[in-house]
There are 2 protein chains.
Amino acid sequence: MTTYWCERAWLGSSGFVDGVVVAVDGPHITNVSEGEPPQVAERLSGLTIPGFANCHSHAFHRALRARTQQQRGDFWTWRETMYAVADRLDPDTYYALALATYREMALTGITAVGEFHYLHHGPGGAPYDDANAMGHAVVQAARDAGLRIALLDTCYLSAGFGAEPSGVQRRFSDGTVDAWRDRVSALDADVADPAVVVGAAIHSVRAVPHTALGDVASALPKAPLHVHLSEQVAENTACLQRHGCTPTQLLAVHGVLSERLSAVHATHLTASDIALLGQAKCNACFCPTTERDLADGIGPSRQLADAGATLTLGSDSHAVIDMHEEMRAVELDERLGSGRRGSWAAADLLHAATAGGHRSLGFTAGEIAPGAWADLVTLDPSSPRTAGTAADCGTVVFAATAADVTSVIASGRRVELDPDAVGRDLARSISAVTAP
Amino acid sequence: MTTYWCERAWLGSSGFVDGVVVAVDGPHITNVSEGEPPQVAERLSGLTIPGFANCHSHAFHRALRARTQQQRGDFWTWRETMYAVADRLDPDTYYALALATYREMALTGITAVGEFHYLHHGPGGAPYDDANAMGHAVVQAARDAGLRIALLDTCYLSAGFGAEPSGVQRRFSDGTVDAWRDRVSALDADVADPAVVVGAAIHSVRAVPHTALGDVASALPKAPLHVHLSEQVAENTACLQRHGCTPTQLLAVHGVLSERLSAVHATHLTASDIALLGQAKCNACFCPTTERDLADGIGPSRQLADAGATLTLGSDSHAVIDMHEEMRAVELDERLGSGRRGSWAAADLLHAATAGGHRSLGFTAGEIAPGAWADLVTLDPSSPRTAGTAADCGTVVFAATAADVTSVIASGRRVELDPDAVGRDLARSISAVTAP
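Here the structure is a predicted model, which means the values were calculated and not measured.

Novice: Looking at this structure, how should I read the environment of Leu 313 of chain A?
Specialist: Residues and elements named next belong to chain A. Among the secondary structure elements, Leu 313 is positioned in strand β12 (residues 310-313). In this structure Leu 313 comes out as buried when scored by relative accessible area, which is 0%. Sequence separation of Leu 313 and Ile 29 is 284 residues, and the distance between their C-alpha atoms is 24 Å.

If you want it as structure tokens, here you go:
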């Protein structure tokens, strides 16, 4: 049992409150009391918020940061560079790279990650002796970095509508949806850690035949379910040609839409798509820094929320790992698209990055409240970036950066903040998979 | 005479070079040699680049950071909040706030600032005993922060096309263009510091009658000239109604377009506007983080450069002070608008933030080359943000943030990097002008 005294903490609908005492037993918060003076407790000076949920991660993409920027082209040309890194990974190098990436996340106040995991098999698609060797590697990396993880084990069976996987894509494919389900079920049975959730993912309507969509959705009926949705116009066009409907409509027809679902990106949607996702109370997982980087476009975040969807956030390709930047980018990109300010209140963006996100990953967390996972992230309200602001949600969302994080407690344990060590781990693990 | 050994430095068209020795005498670089081993010299470990030029600043807007984000509305509603701060400033509070803001800039590697200065007079528009008291305050703030400054003394005579200034706007106005010129000429005569340039600015075609545009442009015939241009569609519409042409065309007719001119924002342009600005070899000063914040839109940066204009960058309202963010935002916003990657190479964005920018402010700087002002900014290539990248322009533009700056030498003098002290100065000076 540890007691923390927070100089000023965010209590959700109550806003920021001075003098909050948080009692933590093991990995969970057991009690929260307000308006308390400093006392014999671990002192958290500054602004304390719940930990962030990074709901969409491809850990190994961290190796590409700033390395694809000389390229012209689009999402599809970028993907070739990404595939070249994927092709070099094995369980050991994947573990090392994911560990370094997750440690970078932990430094920034992320306490849980949703890993959209599709690199399952060895070269040419041959299974490893343990068919879940890659999944276990990434789960272990998260545990060793102090993060909770939702391993979103991804079904990938075709390279386009009906096209056979080729090249590195063969490492993604289990061949059939039944083989995918057998492997995932084995992984799920192996895991006995409440900080690890095994969920399912449909890579995209390009990569899972429509006849198998319902099977993926029902394989883990209580677990989170994620899908890349309409990130690219080309996907919509191809889906319309093949099935005569949008990707969202195709998912709806096959019973994929539900509160369990996170629709990742959800960039190029029709009004009907927005209504469907909203009515089903899906999560809409925006990844704005990646969507900028990949020239995807600006998705209808406000309209989705107004229709009933829950906004969540992810750093996806890790061009940037900074949830402050993801939060404000939702609103700022909306402004660029609409010419209006204030579609998103700062508090609602902070909810998306915390409570909304954790719930979408299957964790009761993201609130400083009894029963929640004990994640406490403290920010400096007096740095050159944050000084002079009102020490409120506006500060957290519109002024702070990851460099303002001064203390991280994740699942009840203090994360050692050693940026030099994380930098060394990143350099070493990335060099191992990018050096000529 | 001081000699610096740079582990790796950016030499413009030669790219990044290992082992660069830079000899500095007083405020200038006297010699640069490449491929040198470490020697008896001050060692700059990491990536060394020239200092940044922040070409468009309203120093006092720093007080608004993260404080206007609960507002809905647009540029015009935001402006009311900004006016409320402007109305409370006097030479002392203006000096203190500008000093703290410029010190924040210095921490981030900015070595010269272009201050678009229009808050000239006392309450109600009454001149101070020294009519340039406010201008002197801001110049002294820059000097005390270790920055060079181009004080762009701004002519503001009307609140719209032909409307009388009201409220705080009366503090901006000299009444007539002749009175403005007399005051500016006196200021120019007072300044005898090569690190201070007095330039002119046309606030906008809204605020200077068309008959006076040529007078402002010719008042300081060798100095920089800046103008807010087509930031808002409403300005274009009003100009078209009043003059039957676009703001750019109006400036062209009155001889304002030249290599001396920086067209700030240049967001909503016609093809003809772009051609005019390009043919005249104007600077196009983009302020992407402010343009996001104010819901201005995405300007045609690539088309302007292709037409012959020079891109420069500014942090304008200081919602963010981080030239890395400004550089990458140009390309990332272009991607959101166009759906294509790679309109801007990282090296060209770094040029915009350095050599291009300093030249637009009237300084020979922004290059690590003999004769240039001695600005050397060093970045950590091994931080959690930058580790694993290629230690090249991609690292500087797409991975680093202001938090990665480890050493700043500005005009030959080392800037003390004390973020805690800067945070305290910001909090105190902002509280003085925002507390109820």
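Novice: Looking at this structure, I do not really get the sheet that holds strand β11 (residues 283-286) of chain A. What am I missing?
Specialist: Residues and elements named next belong to chain A. The strand order across the open sheet built from eight strands is β5-β6-β7-β8-β9-β10-β11-β12, with neighbouring strands paired in parallel fashion. The open sheet terminates on both sides in strands that have one partner only, identified here as β5 (52-57) and β12. In this sheet, adjacent strand axes meet at a mean angle of 25° when their direction is disregarded.

Novice: Is there a simple way to explain the layout of surface pockets in this structure?
Specialist: Gaps between atoms show up when a probe of the same size as a water molecule is rolled over them. Its volume calculated, the largest pocket comes out at about 820 Å³. Lining of the largest pocket is provided by 45 residues; of these, Arg 385 and Thr 401 of chain A together with Thr 401, Ala 402 and Ala 403 of chain B occupy positions nearest its centre. Secondary-structure elements contributing two or more residues to the lining of the largest pocket are α11 (323-338) and α13 (393-399) of chain A together with α2 (91-107), α9 (288-293), α11 (323-338), α13 (393-399) and α14 (419-434) of chain B. Around the second largest pocket, the lining is made up of 17 residues, and of these Leu 107, Ala 403 and Pro 419 of chain A together with Pro 384 and Arg 385 of chain B lie nearest the centre. For the lining of the second largest pocket, the secondary structure elements donating two or more residues are α2 (91-107) and α14 (419-434) of chain A. Residue composition of the lining of the second largest pocket, grouped by class: nine nonpolar, three polar and five charged.

Novice: Looking at this structure, how should I read the state of the cysteines?
Specialist: As used in these notes, a disulfide is a covalent bond between sulfur atoms, one from each of two cysteines. Counted under the stated rule, the structure contains zero disulfides over all chains. Of the cysteine sulfurs around Cys 287 of chain A, a residue in no disulfide, the closest is that of Cys 285 of chain A, at 4.3 Å. For Cys 287 of chain A, a relative accessible area of 0% gives the class buried. Free of any disulfide, Cys 393 of chain B has its nearest cysteine sulfur in Cys 6 of chain B, 15 Å distant. Judged by its relative accessible area of 9%, Cys 393 of chain B is buried.

Novice: Can you walk me through the sheet that holds strand β15 (residues 413-414) of chain A in this structure?
Specialist: Think of a sheet as strands paired side by side through backbone hydrogen bonds, with each pair either parallel or antiparallel. Residues and elements named next belong to chain A. On the basis of which strands lie adjacent, the open sheet formed by seven strands has the order β3-β2-β1-β4-β13-β14-β15 and mixed pairing. Both outer strands of the open sheet, β3 (28-33) and β15, are each paired with one neighbouring strand and no more. As paired strands, strand β1 (residues 2-10) and strand β2 (residues 16-25) are joined by eight bridges and run antiparallel to one another. Within the sheet, the bridge partner assigned to Ala 9 lies in β2 and is Val 17.

Novice: What should I look at first to understand the relation of the copies chain A and chain B in this one?
Specialist: With an RMSD of 0.0 Å, the fit of chain A onto chain B corresponds to turning through 180° and sliding 0.0 Å along the axis. The superposition operator between the copies reduces to a two-fold rotation axis. Every residue of chain A has its C-alpha some distance from the rotation axis, and the shortest such distance is that of Ala 403 of chain A, at 3.3 Å. Mapped onto chain B, 100% of the interface residues of chain A again fall at the interface, so both copies present the same surface.

Novice: Help me understand the interface of chain A and chain B, please; the structure alone is not making it clear to me.
Specialist: By convention, interface size is frequently given as the accessible area that disappears when the constituent parts associate. At the junction of the two partners, chain A supplies 54 residues and chain B supplies 54 residues. Roughly 4,400 Å² of surface becomes buried between chain A and chain B when both sides are summed, with 51% attributable to carbon and sulfur atoms. For chain A, the biggest contributors to the area lost against chain B are Leu 336, Arg 341 and Pro 384 of chain A; these three give 19% of the whole. Counting every contact that joins chain A to chain B gives four salt bridges. Residue Arg 341 of chain B pairs with Asp 293 of chain A through a salt bridge whose shortest N-O separation is 3.0 Å. Across the chain A-chain B interface, the total number found is 16 residue pairs in polar contact (both at pLDDT 80 or more). Elements with a contribution of two residues or more to the side of chain A that touches chain B: α2, α9 (288-293), α11, α13 and α14 of chain A. A per-element tally of the side of chain A that touches chain B places α14 of chain A first, with six residues. Of the residues in the side of chain A that touches chain B, the class split is 22 nonpolar, 17 polar and 15 charged.

Novice: What exactly am I supposed to notice about the pattern of salt bridges here?
Specialist: Where charged atoms from two side chains of opposite charge approach closely, those side chains can pair. All names here are of chain A. Evaluated as defined, the whole model comprises 40 salt bridges over all chains. One salt bridge in this structure joins Glu 331 and Arg 335, with 2.6 Å as the shortest N-O distance. One end of the pair, Glu 331, and the other, Arg 335, are both in helix α11, four residues apart, so they sit about a helical turn from each other. Arg 335 shares its class with Glu 331; the two are buried.

Novice: Looking at this model, I keep getting lost on a negative patch on the surface. Mind explaining?
Specialist: A cluster of acidic side chains, namely Asp 129, Asp 130, Asp 188 and Asp 190 of chain A, defines a negative patch on the protein surface. On the secondary structure map, Asp 129 of chain A appears in the loop between β6 (110-117) and α3 (133-145).

Novice: Explanation requested: the domain arrangement of chain A in the structure shown.
Specialist: Residues and elements named next belong to chain A. You can read the domains of chain A as domain 1 (2-50 + 367-417) and domain 2 (52-361). For domain 1 and domain 2, the distance between their C-alpha centroids amounts to 29 Å. Every contact between the two is made by 25 residues of domain 1 and, on the other side, 25 residues of domain 2. A combined buried area of about 2,000 Å² lies between domain 1 and domain 2, and 69% of that area is made up of carbon and sulfur atoms. Contact with domain 2 buries surface across domain 1, with Trp 373, Val 397 and Phe 398 losing the most and accounting together for 27% of the total. Applying the counting rule to domain 1 against domain 2 returns one salt bridge. Across the salt bridge formed by Asp 375 and Arg 148, the nearest N and O atoms sit 2.7 Å from each other. At the boundary of domain 1 with domain 2, the tally comes to seven residue pairs in polar contact (both at pLDDT 80 or more). Looking at the side of domain 1 that touches domain 2, the elements with two or more residues in it are β13 (376-379), α13 and β14 (405-410). Ranked by the residues each element gives to the side of domain 1 that touches domain 2, the list is headed by α13, at six residues. The residue inventory of the side of domain 1 that touches domain 2, partitioned by class, reads 19 nonpolar, three polar and three charged.

Rules behind the numbers
- Residues numbered from 1 in each chain as written.
- Chains lettered and ligands numbered in written order.
- Predicted model: local features only at pLDDT ≥ 70, side-chain atom pairs only at ≥ 80, totals over all residues.
- Heavy atoms only, no water.
- Helix = DSSP H or I, 4+ residues; strand = E, 2+ residues; numbered from the N terminus.
- Buried < 20%, exposed > 50% of the residue type's maximum accessible area, 1.4 Å probe, protein only.
- Pairing = 2+ DSSP bridges.
- Axes fitted to C-alpha atoms, helices over the stretch in contact; angles between N-to-C directions.
- 1 Å grid on protein atoms, 1.4 Å probe; cavity = no way out; pocket = protein on both sides within 12 Å on 5 of 7 lines; lining within 4 Å.
- Points joined across faces, edges and corners; volume = space filled by probe spheres on them.
- Nonpolar A, V, L, I, M, F, W, Y, C, P; charged D, E, K, R; others polar.
- Disulfide = S-S within 2.5 Å.
- Least-squares fit on C-alpha atoms with pLDDT ≥ 70 in both.
- Contact = heavy atoms within 4.5 Å.
- Buried area = accessible area lost by both parts, 1.4 Å probe.
- Salt bridge = Lys/Arg side-chain N within 4 Å of Asp/Glu carboxyl O.
- Polar contact = N/O pair within 3.5 Å; in protein donor to acceptor, adjacent residues only side chain to side chain.
- Patch = residues over 30% accessible without salt bridge, like charges linked within 9 Å, V, L, I, M, F, W, Y side chains within 5 Å.
- Areas by Shrake-Rupley, 256 points an atom, 1.4 Å probe, with all protein chains shown as cover.
- Lys, Arg positive; Asp, Glu negative; His and termini not counted.
- Charge placed at Lys NZ, Arg CZ, Asp CG, Glu CD.
- Domains from an automatic or database assignment.

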